[in-house]
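Residues per chain are reported as follows:
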Amino acid sequence: MPDVILEVSGLVTNYGQVTALKNISFKVFENEIIGIVGPNGSGKTTLLETIAGTLRNKEGVISFLGRRIDGLSVRERRRMGLMLVPQERYIFPMMQVRKNLEVSGVLVSPKRVNHLIDYVYSLFPALKERVTQSAHTLSGGQQKMLAVGIGIVSDARLLLIDEPSIGLAPKLVTRLFSNLSQIRQETGKALFLAEQNVKILRIADRIIGLEGGEIKFVEKSSNLDEKTLQDLYMGQ
Amino acid sequence: MILTGLINGIIMGGILSLPVLGVAVVYGITGIPNFAIGLIGVFGGFVTWYFLSYNLVLALIVGVGVCFPIGYFLQKLLLTPISNKGGDAILFFVITISLGFVFEGLTRAIFPRPSISIALPYLGSFTVGGVTVEVIKLLALVFALSTLTAIRLLEIHTRPGQSWQATSRNLKLAKLVGVNTDRVYAVAHGIGCSLACIGAIFWGSLYNLNVLSGWELGFLGFIIAVVGGIGNIWGGMLSALLMGLVLSFSGYFLDGNWQSVLLYAIVITVLIVSPRGILGSERAL
């Protein structure tokens with residue numbers, strides 16, 4: 001049985017007066033891909049932001065690598081090996097592609113940063129061809145690749161990625177998901193992906209279904225089909 | 001007359017460019033407009049003047065050295081906590097204007113004279129087309145250009161510089177990747193206040209530096225920085241030089257009041273035509 005790296009129990013997060021997450025509990029194991037699915041407003045982004053520390057939980061406990069982290073700052077959580085790639089504004093605009101990657105390894109030794117950047121280039125050759133290009137001039141798909149690259153260079157053990165496929169053409173979604181699966185296999189990282197695309201079933205080990213800020217189900221992907229997820233997205 | 005106007009304009013632009021750089025660095029990185037920056041710079045100018053009787057180098061180190069921690073701790077202990085609590089532009093306007101009055105009062109209370117002249121050593125002169133120019137008068141411009149180049153090189157080639165750039169481009173992502181954005185903010189504010197102080201020292205060596213000069217340096221610095229493209233330090237530099245030339249040439253034809261009318265009419269026109277400034281804003285928060 002692999003080790004638990006993230007454990008969330010009884011998590012409650014408020015947005016002002018509104019309770020966005022209600023009594024959320026689950027575990028993430030080493031080298032696992034977890035998909036968080038649910039309709040808009042179900043609390044996927046809030047969950048990721050609460051784990052990363054950009055939002056604070058009102059109740060409950062978040063533990064990472066056996067240590068309680070819900071009182072720690074974003075930076076302290078980052079130091080421990082957690083990294084959130086946000087849904088919006090996930091690159092440094094008006095900075096070169098290479099500089100985007102270098103600055104993402106601010107907590108990593110320069111030698112290891114170079115090694116990780118080479119790995120990113122091997123995954124996404126399109127970025128290697130554009131090292132000196134300003135990041136905001138990349139295409140939407142290339143910007144998503146760069147966002148994942150930023151996550152890789154951060155050298156986090158658990159990568160939280162918010163809606164990696166949003167805005168991408170179906171062909172690009174398939175390729176990006178295949179890249180994410182490859183990253184898990186080659187780096188041993190655990191990936192925690194908030195998604196609205198049913199193709200998540202193809203790469204995730206388990207799926208957490210969220211609706212109205214509550215967990216509706218936690219299931220192995222092999223026990224689910226695309227229709228179940230589509231029904232969840234439609235609120236059925 | 002054209003050559004004299006050109007030289008005077010460049011000298012004036014060089015001096016203006018220092019507080020402009022200060023404002024551009026602070027606002028470009030932190031997103032907080034500090035309207036007290038000129039008053040802090042003038043306070044440092046008075047400190048420099050006070051220590052000049054002991055030793056020039058000591059005076060410069062103490063004067064500029066006082067302004068760095070003022071900016072650093074102002075950001076760290078006051079402005080960042082307010083920003084984290086969701087402080088808006090109006091709140092920062094009121095707070096930094098109030099801080100300006102605090103430093104104006106401190107300068108009046110600590111130093112015996114409200115108006116000073118800072119005597120910097122004579123560094124020689126040279127003649128261009130029959131016009132004699134003192135080297136010291138061009139030093140502000142040389143210093144501003146060197147500072148600007150140094151900032152750009154640091155941004156490109158060093159880790160702290162990249163963290164600095166990342167913070168100004170995307171604050172949230174910078175925090176997420178682990179940049180210590182609070183420290184970046186505090187250092188930027190310290191550097192900004194130090195640059196304003198150096199501007200005040202040059203101002204005091206060429207004209208009179210009085211307690212109220214800080215408001216003029218701060219507001220003019222802010223306006224010129226916006227015209228250049230907020231956060232864009234090259235734009236700020238270019239804008240300062242253009243404003244220096246406008247002030248210099250218009251001085252031949254207009255009195256002080258009409259010079260202000262012309263200057264600010266140009267400012268408004270530029271911002272209507274190009275709201276992001278001459279070279280565009282680099283701030284992307």
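Residues numbered from 1 in each chain as written. Chains lettered and ligands numbered in written order. Predicted model: local features only at pLDDT ≥ 70, side-chain atom pairs only at ≥ 80, totals over all residues. Heavy atoms only, no water.

**Concerning the overall build of chain B**
For chain B, the helix and strand inventory stands at 11 helices and four strands. In terms of overall size, chain B behaves like a compact globule, its C-alpha atoms giving a radius of gyration of 18 Å where 285 residues would be expected to give roughly 19 Å. Seen through its C-alpha atoms, chain B measures out along the principal axes to roughly 60 × 45 × 35 Å. Relative to its 285 residues, chain B shows a buried fraction of 53%. Look at the contacts in chain B between residues 6 or more apart in sequence, and 78% of them connect residues 24 or more apart. Taken as a whole, chain B presents about 12,000 Å² of accessible surface, with 70% of it coming from carbon and sulfur. Side chains of chain B give 13 positive and 8 negative charges; the mean places of these two sets differ by 12 Å. (Helix = DSSP H or I, 4+ residues; strand = E, 2+ residues; numbered from the N terminus. Rg over C-alpha atoms; globule rule 2.2 N^0.38 Å. Buried < 20%, exposed > 50% of the residue type's maximum accessible area, 1.4 Å probe, protein only. Contact = heavy atoms within 4.5 Å. Areas by Shrake-Rupley, 256 points an atom, 1.4 Å probe, with all protein chains shown as cover. Lys, Arg positive; Asp, Glu negative; His and termini not counted. Charge placed at Lys NZ, Arg CZ, Asp CG, Glu CD.)

**What about the overall build of chain A?**
When its secondary structure is counted, chain A shows eight helices and 10 strands. By the compact-globule yardstick of 18 Å for 236 residues, chain A fits well, its C-alpha radius of gyration being 17 Å. Projecting the C-alpha coordinates of chain A onto the three principal axes gives extents of approximately 45 × 40 × 40 Å. Out of the 236 residues belonging to chain A, those deemed buried represent 56%. Long-range pairs, those at least 24 residues apart, make up 66% of the contacts in chain A with a sequence separation of at least 6. For chain A, the exposed area adds up to about 10,000 Å²; of that, 48% sits on carbon and sulfur atoms. Separation between the mean location of the 30 positive side-chain charges and that of the 24 negative ones in chain A comes to 5 Å.

**Some details on the packing of aromatic side chains**
Residues and elements named next belong to chain B. Evaluated as defined, the whole model comprises 17 aromatic pairs over all chains. Measuring from centroid to centroid gives 5.3 Å for Tyr-50 and Phe-51, while their planes differ by 80°, and the two rings are edge-to-face. Under the relative-accessibility criterion, Tyr-50 is labelled partly exposed at 43%. Through pairs of rings, three or more aromatic residues link up here, namely Phe-43, Phe-46, Trp-49, Tyr-50, Phe-51, Tyr-54, Phe-103 and Phe-111. (Phe/Tyr/Trp six-rings, centres within 6.5 Å; stacked < 30°, edge-to-face > 60°.)

**Examining the sheet that holds strand S3 (residues 33-37) of chain A**
All names here are of chain A. Strand order across the open sheet formed by six strands is S6-S7-S8-S3-S9-S10, with mixed pairing between neighbours. Because the sheet does not close on itself, it has two edges, and the strands there are strand S6 (82-85) and strand S10 (214-220). This sheet shows a mean twist of 15° between the axes of neighbouring strands, independent of strand direction. Packing of helix H7 (residues 170-187) onto the sheet brings it into contact with S3, strand S7 (158-162) and strand S8 (190-195), and relative to S8 it is tilted by some 155°. (Pairing = 2+ DSSP bridges. Axes fitted to C-alpha atoms, helices over the stretch in contact; angles between N-to-C directions.)

**Quick look at the interface of chain A and chain B**
It is common to report an interface's size as the accessible area lost on association of the parts. Counting residues at the interface gives 28 residues for chain A and 20 residues for chain B. Carbon and sulfur atoms make up 61% of the area that chain A and chain B hide from each other, which totals about 2,000 Å². Broken down residue by residue, the surface that chain A buries against chain B is led by Arg-89, Phe-92 and Met-94 of chain A, which jointly contribute 27%. Ionic pairing is found between Lys-172 of chain B and Glu-49 of chain A, a salt bridge with its closest N-O pair at 2.7 Å. In this assembly, chain A and chain B are joined by 12 residue pairs in polar contact (both at pLDDT 80 or more). Secondary-structure elements contributing two or more residues to the side of chain A that touches chain B are helix H1 (44-52), helix H2 (74-80), S6, helix H3 (97-104) and helix H4 (110-123) of chain A. (Buried area = accessible area lost by both parts, 1.4 Å probe. Salt bridge = Lys/Arg side-chain N within 4 Å of Asp/Glu carboxyl O. Polar contact = N/O pair within 3.5 Å; in protein donor to acceptor, adjacent residues only side chain to side chain.)

**Remarks on H4 of chain A**
Taking 1.5 Å of rise per residue, 14 residues should cover 20 Å, and H4 of chain A covers 20 Å from first to last C-alpha, within 8% of that figure. For H4 of chain A, every residue scored as buried is listed here: Val-113, Leu-116, Ile-117, Tyr-119, Val-120, Tyr-121 and Leu-123 of chain A. (Expected span 1.5 Å × (residues − 1).)

**Side note on the side chain of Arg-78 of chain A**
Residue position: Arg-78 of chain A is located in helix H2. It turns out Arg-78 of chain A is buried and unbridged, and the closest side chain with the opposite charge, Asp-155 of chain A, is 7.2 Å from it. When near neighbours in sequence (up to four residues on either side) are disregarded, Arg-78 of chain A contacts Met-83, Leu-107, Ser-154, Asp-155 and Ala-156 of chain A together with Leu-176, Val-177 and Gly-178 of chain B.

**Here's the deal with the environment of Leu-141 of chain B**
Residues and elements named next belong to chain B. By secondary structure assignment, the location of Leu-141 is in helix H5 (residues 135-157). Placed 125 residues apart in sequence, Leu-141 and Leu-16 show a C-alpha to C-alpha distance of 8.9 Å. What Leu-141 contacts, discounting residues up to four positions off in sequence, is Ile-10, Gly-14, Met-237 and Leu-241.

**A short note on the packing of H5 of chain B against helix H8 (residues 181-206) of chain B**
Residue and element names in this part refer to chain B. Here H5 crosses H8 at 165°, and the two axes come no closer than 10 Å. Relative to H8, the element H5 is oriented roughly antiparallel. Like other packed secondary-structure pairs, H5 and H8 cross with a definite hand, here left-handed. Listed contacts from H8 to Ile-136, Lys-137, Leu-139, Ala-140, Phe-143 and Thr-147 of H5 are Leu-195, Ile-198, Phe-202 and Leu-206. Class assignment of the residues belonging to the contact of H5 with H8 gives a composition of eight nonpolar, one polar and one charged. (Parallel < 35°, antiparallel > 145°, perpendicular 65-115°, else oblique. Left-handed = near helix turned anticlockwise from the far one by under 90°. Nonpolar A, V, L, I, M, F, W, Y, C, P; charged D, E, K, R; others polar.)

**Comments concerning the pattern of salt bridges**
All chains considered together, the criterion is met by 13 salt bridges over all chains. Residues participating in the shared-partner salt-bridge network are Arg-98, Lys-99 and Glu-102 of chain A.

**Some details on the nonpolar core**
By size, the foremost hydrophobic cluster in this structure holds 164 residues, and its most contacted members are Phe-26, Leu-47, Leu-158, Phe-192 and Leu-229 of chain A. Sort the elements by how many residues they give to this core and helix H1 (residues 2-30) of chain B lands first, with 13 residues. Setting aside residues up to four positions removed in sequence, Leu-47 of chain A forms contacts with Leu-11, Leu-21, Ile-24, Phe-26, Ile-36, Phe-192 and Leu-210 of chain A. (Core = buried A, V, L, I, M, F, W, Y, C linked by side-chain atoms within 4.5 Å.)

**Quick look at H5 of chain B**
Given 3.6 residues to a turn, an α-helix orients residues that are three or four positions apart in the same direction. Residue and element names in this part refer to chain B. Between its first and last C-alpha, H5 extends 32 Å over 23 residues, near the 33 Å set by a 1.5 Å rise per residue. Buried residues of H5: Ile-136, Ala-140, Leu-141, Ala-144, Thr-147, Leu-148, Ile-151, Arg-152 and Glu-155, and no others. Contact partners of the buried residues in H5: H1, strand S3 (131-134), helix H6 (159-169), H8 and helix H10 (233-253).

**Section: the sheet that holds strand S4 (residues 59-64) of chain A**
Backbone hydrogen bonds hold the strands of a sheet together, and the pairing may be parallel or antiparallel. Residue and element names in this part refer to chain A. If you trace the four strands from one edge of the open sheet to the other, you get S2-S1-S4-S5, paired in antiparallel fashion. Across the chains shown, the open sheet's two edge strands, defined by having one partner strand only, are strand S2 (18-29) and strand S5 (67-68). The pairing of strand S1 (residues 4-15) with S2 spans eight bridges and is antiparallel. Paired with Leu-11 across the bridge in S2 is Ile-24.

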